[in-house]
Amino acid sequence: MKWDEFFVTGDPMIYGADVSIVLTMVGILFYLTKYKKWKWLWDEWLTTVDHKKLGIMYIVSAVLMLFRGGVDALLMRTQLAVPEAKFLDSQHYNEIFTTHGTIMIIFMAMPFLIGLINVVVPLQIGARDVAYPYLNAVSFWTFFIGAMLFNISFVIGGSPSAGWTSYMPLASNELSPGPGQNYYLLGLQIAGIGTLLTGINFLVTILKMRAPGMTLFRMPMFTWSSLVTMVIIIFAFPILTVALALMTFDRLFGSHFFTLQGAGMDMLWANLFWLWGHPEVYIVILPAFGMFSEIISTFSRKTLFGYKAMIWSMLLIAGYSFLVWVHHFFTMGSGALVNSVFSITTMAIGIPTGVKIFNWLFTMYRGKIQFTTPMLWSLGFIVNFVIGGVTGVMLAMAAADYQYHNTYFLVSHFHYVLIAGTVFACFAGLIYWYPKMFGYKLNERIGKWVFWVFTIGFNVCFFPQYFLGLDGMPRRVYTYSEESGWGPLNMVSTIGGFMMGIAFLILVYNMYYSFRYAKRETTGDAWDGRTLEWSTPTAMPPFYNFAKIPEVTGLDHFWRQKQAGKVEKLKAEDIKPIHMPSNSGVPFIMASFFFVAGFGMVFDWMWMAIAGIIGVFGTLFYRSFEYDDGYYVSVEEVIETEKISK
Amino acid sequence: MRRFKPFFTFGLLMAVFMLSGCSDMIVLDPKGPVGAEQRDLIMYSIWFMLFILIVVYALTAFIVYKYRDRKNHKGYDPDNEGSHLLETIWWIVPIIIVIALAIPTVKSIYSLEGPPEKSKDQKPLVIHATSVNWKWVFSYPEQDIETVNYLHIPEDRPVLFKLTSADSMASFWVPQLGGQKYAMAGMETELYLQADEQGTYEGRNSNFTGEGFTNHTFDVMAMSDAEFEKWASETKADAPELSKGQYDKLMLPGHVKEMTFSSTHLDWVDHATNAEYALDARDRLGYEEKLPHSRAAKEEKKKREEEMKKLEESESESHGDSHAH
């Protein structure tokens, strides 16, 4: 391989990126060394098994990925702002929309939600950590390394350019040679390990580690949605793992599962991809639903309306999510019967989703609604998500879908559900639980600016795209002619896109501003909350979460205690030594070996891949013979931490 | 309510502004029975969707306004946790809506599998459409002619497209005539379309196929039956025959101008049963896909473009300008 093939050359923007990456790295190394932060970094973060810290790292990574994916989006919108623009060439544009899609779904939406689940769920169920804290660290580091591997592609070797769906045979060696597509396969594969482990970990955590008295039907709705999400992950992700492995075999070892030669079957890839891909959509939307349930109930100062209906509708959605994948390719010619069946199952998903919308509305009915920023995002969700929902039903009508498929109508639809659903939830959840993570709230006034600029920008960006779709503009074109008449609406759309970018910058500024100036919380109950995470005496829970595991007597236990004026005070005699897991550097080291193995496979350097895989097995072997049962936190230390006066 | 007003006003204004342009949007301005059936289904569903949006927005506005936290707040009931009657209503109403949408959808799905109802007794014109990165090859087996990147069809007569691909998965779409269908290597899919008005319609591949995808387009000219027959017989008489060598060059990734031949490639290959043909042809020409960012790729691309130019010349030399259309 020649140097001009290893490093991406010839584009000034890429050189700019090279320089900024090197400068950032040097800056970080300098900072860590000058302020002697290396030990702090290792002890507090790289080796931690604390679910709250892992959650924060997930969220920080997700925000970085949101920035990366957002820059991709703005580059695309800039290119499409006017007809026949020369800003990006076709290959460059194709790489950017591929990385935009992949990063936003796999490396932004999912980790953002998993991060919030990590921070919140153990606290909500009254647990001290997750069932397998060490495995949780492995989950995070494999996700992080997978994301990093995928991200370096744009300066080293070139990014994948076959779309985030990577349809075969376009993604095969014959039509897309080189490391680009391999980055997609290996990056997703490594990150996928982390996701599957998270699924298992939180399923067990929620089923086995709930505080005494918290029956399944007393669980907070966010915990319920996480539980259902984990079940979907456990059933869906193995499909992705297998599909990616088969394509990797095709590309690296000459097999013919999906290729043009050797009677490969390209339709099989599309089926496997969406058999995972559709449940994946629900993996990123159900936790969002859960968060909105919590937030709407909290700020309406009222019990969730139709708690059981919410759960049953969620279970129905989860079941349906595995029965609708064909709607992603109604146009494949599967025949009238198949298309009819999948049309109906897809439309049927609208029923439980509609039920949820009405339950949220009636949670506010007879409530006392406070317009805090998390609540604004939740209201924005209802108003905008409904547009995504109804256009989803339109797309489900196969006969009509033949006209919407592969157009901007579809692009607009899935941005209306994924942004108004998932991204709004990420922002709402981040703001809502921010005091739990950092001990202070984000500034509300600046937060409202973020909400309005983002929401208006979002509609200005995506609403016109429905009409572009109906006017025949296909997705993934890198430019269009003047005569097509698509110019004005595209310009409007681009303006909206940049408004969203500005809103993101204001959000980041708000983080800085609030870090400097926000009033620090003095209690653990920043929003007058309902669920157990707000019941810790300090704003940020100590690493063991609860000095004494709470006993739950009903739904919204903490809220009811407060209403009855019976919040228990912690007494010194109640405290017993607390068993906690030890930190470990092994997950980080293991993930680093995964990086070596992945990078080797991307470039087809088998010596390097094998060395990396040996390293991975080495760490597994080491772990198998490591006898570490954790340690006990002494009663004195707990009393000290909780500041209990004897 | 005041704080939500700008938002709703803005949305409403935008909707009105865009709906006013509705009739100009090509999907809603079909020129044949297939597209018309789909347009009707789309409009039918849009009314339901507007109804749903109005109900949800009205309810949201009412509840948010009435139960906002303020002085003299009335009706607060923190333990109001459900209502069987209400919940039954919003389980049943969506079910009814889904049924109302499902019936015409299923009807249309079945009817679109065959030729349009009104021209059932006519024998459809059969055209094989083959996608190869990034061009369309159209074979008329009955007329024994072949065109590249353009189509002539008679009006008021159903056309049965037999779709396949020589390489990437493509999607054959002429928005004003009707919805799309995939064209896949080693597979044959069928699509009925029909034009009721004479004119030129844009067609394209709408499924991403890599670098040249954006310009993977073709024109469809709908004309009277007599004109079509005249064009077909003249083409058969005047256009050059397609040689295997020329066809191999068509298999290279790239764009070519419109071309016309008096024989079809179906004589020696049907991509619906032979998925490897294009790759073999590329091998025969010594072509190999290079890493997209490398210098080698730029050279390879230049070589391909020269081959395409030679192919175009070889086609136009042998039959002058007779394929004017």
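Parameters and conventions
Residues numbered from 1 in each chain as written. Chains lettered and ligands numbered in written order. Predicted model: local features only at pLDDT ≥ 70, side-chain atom pairs only at ≥ 80, totals over all residues. Heavy atoms only, no water. UniProt positions renumbered as here; feature names shortened; annotations may be inferred. Helix = DSSP H or I, 4+ residues; strand = E, 2+ residues; numbered from the N terminus. Core = buried A, V, L, I, M, F, W, Y, C linked by side-chain atoms within 4.5 Å. Buried < 20%, exposed > 50% of the residue type's maximum accessible area, 1.4 Å probe, protein only. Domains from an automatic or database assignment. Contact = heavy atoms within 4.5 Å. Buried area = accessible area lost by both parts, 1.4 Å probe. Salt bridge = Lys/Arg side-chain N within 4 Å of Asp/Glu carboxyl O. Polar contact = N/O pair within 3.5 Å; in protein donor to acceptor, adjacent residues only side chain to side chain. Nonpolar A, V, L, I, M, F, W, Y, C, P; charged D, E, K, R; others polar. Pairing = 2+ DSSP bridges. Axes fitted to C-alpha atoms, helices over the stretch in contact; angles between N-to-C directions.

### What about the UniProt feature "domain: Cytochrome oxidase subunit II copper A binding" (unreviewed entry) in chain B?
Part 1: Per the UniProt record, the feature "domain: Cytochrome oxidase subunit II copper A binding" (unreviewed entry) sits at residues 122-234 of chain B.
Part 2: With 9% helix and 53% strand, residues 122-234 of chain B has end C-alpha atoms that lie 24 Å from one another.

### As for the nonpolar core
The nonpolar side chains of soluble globular proteins are, as a tendency, buried together.
Part 1: Of all hydrophobic cores here, the largest spans 281 residues; its most connected members are Phe107(A), Trp269(A), Met364(A), Phe161(B) and Phe172(B).
Part 2: For this core, the element with the most residues is helix H14 (residues 408-438) of chain A, which contributes 20 residues.
Part 3: Two domains each donate at least three residues to this core, and these are domain 1 (27-58 + 83-113) and domain 2 (119-324) of chain B.
Part 4: Apart from residues no more than four positions distant in its own chain, Phe161(B) is found in contact with Ile127(B), Ala129(B), Leu151(B), Phe172(B), Thr189(B), Glu190(B), Leu191(B) and Leu193(B).
Part 5: Grouped together as the second largest cluster of nonpolar side chains are 19 residues, Leu242(B), Leu252(B), Val269(B) and Tyr277(B) included.

### Thoughts on the interface of chain A and chain B
Part 1: At the interface, 110 residues of chain A touch 97 residues of chain B.
Part 2: For the pair chain A and chain B, the summed buried area comes to about 9,100 Å², and 72% of that belongs to carbon and sulfur atoms.
Part 3: Among the residues of chain A in contact with chain B, Leu260(A), Arg366(A) and Gln403(A) are the three that bury the most area, contributing 8% of the side total.
Part 4: For the pair chain A and chain B, the interface holds one salt bridge.
Part 5: Note that Arg560(A) and Asp79(B) form a salt bridge whose closest N and O atoms lie 3.7 Å from each other.
Part 6: Counting across the interface, chain A meets chain B through 25 residue pairs in polar contact (both at pLDDT 80 or more).
Part 7: Among the elements that take part in the side of chain A that touches chain B, helix H11 (residues 336-364) of chain A stands out by supplying 16 residues, more than any other.
Part 8: Classifying every residue of the side of chain A that touches chain B gives 63 nonpolar, 34 polar and 13 charged.

### A short note on the side chain of Thr198(A)
Residue and element names in this part refer to chain A.
Part 1: When you line up the elements, Thr-198 lands in helix H7 (residues 179-208).
Part 2: Owing to a relative accessible area of 0%, Thr-198 belongs among the buried residues under this scheme.
Part 3: Other than its neighbours up to four places away in sequence, Thr-198 contacts Tyr-58, Ile-114, Ser-139 and Met-230.

### Looking at the sheet that holds strand E9 (residues 199-205) of chain B
All names here are of chain B.
Part 1: On the basis of which strands lie adjacent, the open sheet formed by five strands has the order E4-E10-E9-E6-E7 and mixed pairing. Across the chains shown, the open sheet's two edge strands, defined by having one partner strand only, are strand E4 (150-154) and strand E7 (178-183). Strand-to-strand, the axes of this sheet are offset by a mean angle of 20 degrees, without reference to chain direction.
Part 2: By the bridge criterion, six bridges tie E9 to strand E10 (residues 217-223) in an arrangement that is antiparallel. Bridging across to E10, Gly-203 finds its partner in Phe-218.
Part 3: Strand contacts of helix H4 (residues 225-238): E4 and E10, with the helix running at about 135 degrees to E4, the strand carrying the most contacts.

### Digging into the environment of Lys441(A)
Residue and element names in this part refer to chain A.
Part 1: Take Lys-441: it is sitting in the loop between H14 and helix H15 (444-470).
Part 2: For Lys-441, a relative accessible area of 23% translates into the label partly exposed.
Part 3: Along the chain, Lys-441 and Trp-527 lie 86 residues apart, while their C-alpha atoms are 9.6 Å from each other.
Part 4: With residues near it in sequence (within four places) discarded, Lys-441 still touches Tyr-434, Pro-435, Ser-514, Ala-518, Glu-521, Ala-526 and Trp-527.
Part 5: Here Ala-526 takes part through its backbone oxygen, which lies 3.1 Å from a polar atom of the side chain of Lys-441.

### A look at the environment of Met308(B)
Residues and elements named next belong to chain B.
Part 1: Residue position: Met-308 is located in helix H7 (residues 295-319).
Part 2: Classification of Met-308 as buried rests on a relative accessible area of 4%.
Part 3: On a C-alpha basis, the gap between Met-308 and Ala-100 in space is 52 Å, while along the polypeptide they are 208 residues apart.
Part 4: Sequence-distant contacts of Met-308, that is, excluding residues within four places in its chain, are made with Lys-135, Lys-249, Leu-252, Pro-253, Gly-254, His-255 and Val-256.

### Here's the deal with the pairing of strand E1 (residues 125-132) of chain B
Residue and element names in this part refer to chain B.
Part 1: Within E1, eight of the eight residues are buried, which leaves it mostly tucked inside the rest of the structure.
Part 2: Here E1 pairs with strand E5 (residues 159-165) via seven bridges, running parallel. Residue pairing across strands places Ser-131 opposite Ser-165, the latter belonging to E5.
Part 3: Linking E1 back to strand E2 (residues 135-140) in an antiparallel pair, the connection comprises two residues.

### Structural notes on the pattern of salt bridges
Part 1: The full count for this structure, using the stated rule, is 27 salt bridges over all chains.
Part 2: A salt bridge links Asp528(A) to Arg301(A), with the shortest nitrogen-to-oxygen separation between them at 2.8 Å. With Asp528(A) in the loop between helix H16 (487-517) and helix H17 (557-563) and Arg301(A) in the loop between helix H9 (266-299) and helix H10 (307-320), this pair connects stretches of sequence that are 227 residues apart.
Part 3: Linking Lys290(B) and Glu300(B) is a salt bridge whose minimum nitrogen-to-oxygen distance equals 2.9 Å.

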